[in-house]
Amino acid sequence: MPPNRVSSVNERDLRIFTVDFIPAPEAPQLEVLPGDHALVIGRSHPLMTDAESRVRVPVCLRMLAGHLYLVRPIFSGASWSPEFIDETTQTPVHTWAVNPAEGDCTPVRPRVS
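Conventions adopted
- Throughout, residues of each chain are indexed from 1 in the direction in which the sequence is written.
- This being a predicted model, a pLDDT of at least 70 is required before a residue's local features are given, and a value of 80 or more before pairs of side-chain atoms are given or counted; all residues contribute to the totals for chains, interfaces and linings.
- Each side-chain value is worked out from all heavy atoms of the structure, with water and hydrogens disregarded.
- In this scheme, strands are said to pair when DSSP sees at least two bridges between them.
- In this text, helices come from DSSP runs of H or I with a minimum length of four residues, and strands from runs of E with a minimum of two, each type numbered from the N-terminal end.
- For this analysis, residues touch if any pair of their heavy atoms sits within 4.5 Å.
- Pairs of N or O atoms are called polar contacts if they sit within 3.5 Å, as long as, within protein, a hydrogen donor faces a hydrogen acceptor (for residues adjacent in sequence, only side-chain-to-side-chain pairs).
- Cysteine sulfur pairs qualify as disulfides if the two atoms are within 2.5 Å.
- Exposed residues in this analysis have more than 50% of their type's maximum accessible area, buried residues have under 20%, and partly exposed residues fall in between, with area computed by a 1.4 Å probe over protein chains only.

Student: Give me the lowdown on the sheet that holds strand S2 (residues 14-19), citing residues and values where you can.
Tutor: Spatially, 5 strands are ordered S3-S2-S5-S6-S10 in an open sheet, and the strand pairing comes out antiparallel. This sheet does not close on itself; its edge strands, each paired only once, are strand S3 (22-23) and strand S10 (95-96). Sheet topology places S2 next to strand S5 (residues 35-43); 5 bridges connect them, and they run antiparallel. Within the sheet, the bridge partner assigned to arginine 15 lies in S5 and is glycine 42.

As structure tokens, this is what we get:
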């Protein structure tokens, strides 16, 4: 598919394990169709312990056609979270939590009592 019709993601010290709950291929650059996607991400570094390498973070984001994204870890003490940068516009990308009830990227609706 032409580059202007897909979204591409490069990984830095992280690995994307699934895209929309389907195993992702191990590749230096991942290409997906534009839109909202649920990604499960983990750290990937040869000096990590087994416990560190098992941590997985599910996250949702909206990807635009023709844009290149970078995902990298941001650390806060011993914990980390993924940060996405739109390298086409040089701006951070808004991410949100996977909806646990739906298992996808639909917004979590507040409970009404």
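Student: Let's hear about the sheet that holds strand S7 (residues 68-76): which residues, and what values?
Tutor: The 5 strands lie next to each other as S4-S1-S7-S8-S9, forming an open sheet whose pairing is mixed. Among the strands making up the open sheet, the edge pair consists of strand S4 (29-32) and strand S9 (91-92). Bridge analysis of S7 against strand S8 (residues 79-86) gives 8 bridges, and the strand direction is antiparallel. Note that in S8 the partner of serine 76 across the bridge is serine 79.

Student: If you had to explain the environment of aspartate 86 to someone new, which residues and values would you point to?
Tutor: Summarising the element assignment, aspartate 86 is placed in strand S8. Expressed as a C-alpha distance, the spacing of aspartate 86 and serine 8, which sit 78 residues apart in the sequence, is 9.8 Å. When residues no more than four places from it in sequence are discounted, the contact partners of aspartate 86 are His67, Leu68, Tyr69, Thr91 and Val93. Side-chain polar atoms of aspartate 86 contact the backbone nitrogen of threonine 89, separated by 3.2 Å.

Student: With reference to specific residues and values, describe the state of the cysteines.
Tutor: Following the criterion strictly, the structure yields 1 disulfide and no others. Paired through a disulfide, cysteine 60 and cysteine 105 show a sulfur-sulfur distance of 2.1 Å. On the sign convention where negative is left-handed, the bridge of cysteine 60 and cysteine 105, at about -90° about the S-S bond, is left-handed. Pair noted here: cysteine 60 is in strand S6 (residues 56-63) and cysteine 105 is in the segment after S10, with a separation of 45 residues, a long-range link. By the burial criterion, cysteine 60 is buried, and cysteine 105 matches it.

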